[in-house]
Amino acid sequence: MNKRRKEILGLIIICISLICIVSILLYTGEQPGGSDTDTIDNKLGIFGVYVGHLLYFYLLGYYSIFLCIIICLIGFSLFSNKSIKNQLQIYLYLFFSSIWCALFTAYLGANDYSGIIGYAIFEFLNGIFHKATLLIIAVTFFLLLSGIFKFSLYENLKKIIIPFKYLFNKVKNFKIKKKIEIHRESNYEDDNL
């Protein structure tokens, strides 16, 4: 594909994704359908109602915005003639962040805001792991953070554990010293008798 076609395609993709973002943000929960278009309370009209409903209700709720942002970034990469492969990591982090946010929202009980896919993922995990679902959500949160901000979970865990290990050793040594003192005092009393 030549540069001019990439620019046009990228611009079209950017425009469509921005319209989808606005449709999600303006979505009020109204159901699409019906023949009375006078009652539609959406700035983008019937298009905004349908797109907002499809993206909000059937995907990941308000977190479908992340998916639209990914599409917008792909459009910008095409428009600026940059490689999409170089941005793949950003796209993946945005995608998994949107799924995590929808999953966490469903866990909190706000199923209306997590979309069908977010709620389905939560129900799947909750059906299999039940009590451990919160642990899975927490672990995936820290995995996402460590990937996005490029830090080692092990190294940070070590920094947290070392002070506790030091404190544990101090308490342990204190108990040992106390036992030795008690043992010496009892031996001293035995010798004096």
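Further up the page is the structure itself.
Scope of this entry: the structure provided in the associated data block. A quick note: this is a predicted structure, and the numbers were derived from the prediction, not measured.

Side note on the side chain of serine 77
Alright, step 1. Locating serine 77 in the fold gives a position in helix 3 (residues 64-79).
Alright, step 2. On the basis of relative accessibility, which here comes to 4%, the residue serine 77 falls in the buried class.
Alright, step 3. If we skip the residues at most four places from it in the chain, serine 77 touches Lys82, Ile84, Gln87 and Tyr91.

Quick look at the environment of alanine 102
Alright, step 1. Within the secondary structure layout, alanine 102 lies in helix 4 (residues 88-107).
Alright, step 2. Given the relative accessible area of 0%, alanine 102 is considered buried.
Alright, step 3. Residue contacts for alanine 102: discarding those within four places in its chain leaves Leu60, Tyr63, Ser114 and Gly118.

A few points about the packing of helix 3 against helix 4
Alright, step 1. Helix 4 packs onto helix 3 with a crossing angle of 165° between their chain directions and a minimal axis gap of 9 Å. In terms of axis orientation, helix 3 runs roughly antiparallel to helix 4. Pair helix 3 / helix 4 crosses with left-handed handedness. Where helix 3 approaches helix 4, its residues Phe66, Leu67, Ile69, Ile70, Leu73, Ile74 and Ser77 are matched on the opposing element by Ile90, Tyr91, Leu94, Phe95 and Ser98.
Alright, step 2. Of the residues in the contact of helix 3 with helix 4, the class split is 10 nonpolar, 2 polar and no charged.

Some remarks on the nonpolar core
Alright, step 1. Membership of the largest hydrophobic core is limited to 8 residues, which are Trp100, Cys101, Leu103, Ala106, Phe122, Leu125, Ile137 and Leu144.
Alright, step 2. Residue assignment for this core shows that the elements contributing at least two residues are helix 4, helix 5 (115-129) and helix 6 (133-149).
Alright, step 3. For this core, the leading source of residues is helix 4, giving 4 residues.

A closer look at unusual backbone geometry
Peptide bonds are, in most cases, trans, and in most cases residues other than glycine have a negative phi.
Alright, step 1. Even without glycine at this site, asparagine 81 takes up a positive phi of about 60°.
Alright, step 2. Among the structural elements, asparagine 81 can be located in the loop between helix 3 and helix 4.
Alright, step 3. Unlike most non-glycine residues, lysine 150 shows phi in positive territory, near 55°.
Alright, step 4. Here lysine 150 lies in the loop between helix 6 and helix 7 (153-192).

A few points about a nonpolar patch on the surface
Alright, step 1. A cluster of nonpolar side chains, namely Leu135, Val139, Phe141, Phe142, Leu143, Ile148, Phe149, Phe151 and Leu153, defines an oily patch on the protein surface of about 820 Å² accessible area.
Alright, step 2. It is helix 6 that provides the largest number of residues to the nonpolar patch, a total of 7 residues.
Alright, step 3. Turning to its location among the elements, phenylalanine 149 is positioned in helix 6.

Points about the packing of helix 1 (residues 3-25) against helix 3
Alright, step 1. Close contact between helix 1 and helix 3 brings their axes to 7 Å; oriented N to C, the two are set at 160°. In terms of axis orientation, helix 1 runs roughly antiparallel to helix 3. You can see that helix 1 and helix 3 cross each other, and the crossing is left-handed.
Alright, step 2. Considered class by class, the residues forming the contact of helix 1 with helix 3 number 17 nonpolar, 4 polar and 2 charged.

What counts, and where the lines are drawn
- Residues numbered from 1 in each chain as written.
- Predicted model: local features only at pLDDT ≥ 70, side-chain atom pairs only at ≥ 80, totals over all residues.
- Heavy atoms only, no water.
- Helix = DSSP H or I, 4+ residues; strand = E, 2+ residues; numbered from the N terminus.
- Buried < 20%, exposed > 50% of the residue type's maximum accessible area, 1.4 Å probe, protein only.
- Contact = heavy atoms within 4.5 Å.
- Axes fitted to C-alpha atoms, helices over the stretch in contact; angles between N-to-C directions.
- Parallel < 35°, antiparallel > 145°, perpendicular 65-115°, else oblique.
- Left-handed = near helix turned anticlockwise from the far one by under 90°.
- Nonpolar A, V, L, I, M, F, W, Y, C, P; charged D, E, K, R; others polar.
- Core = buried A, V, L, I, M, F, W, Y, C linked by side-chain atoms within 4.5 Å.
- Patch = residues over 30% accessible without salt bridge, like charges linked within 9 Å, V, L, I, M, F, W, Y side chains within 5 Å.
- Areas by Shrake-Rupley, 256 points an atom, 1.4 Å probe, with all protein chains shown as cover.
- Salt bridge = Lys/Arg side-chain N within 4 Å of Asp/Glu carboxyl O.

No statement about biological role is implied by the geometric values presented.
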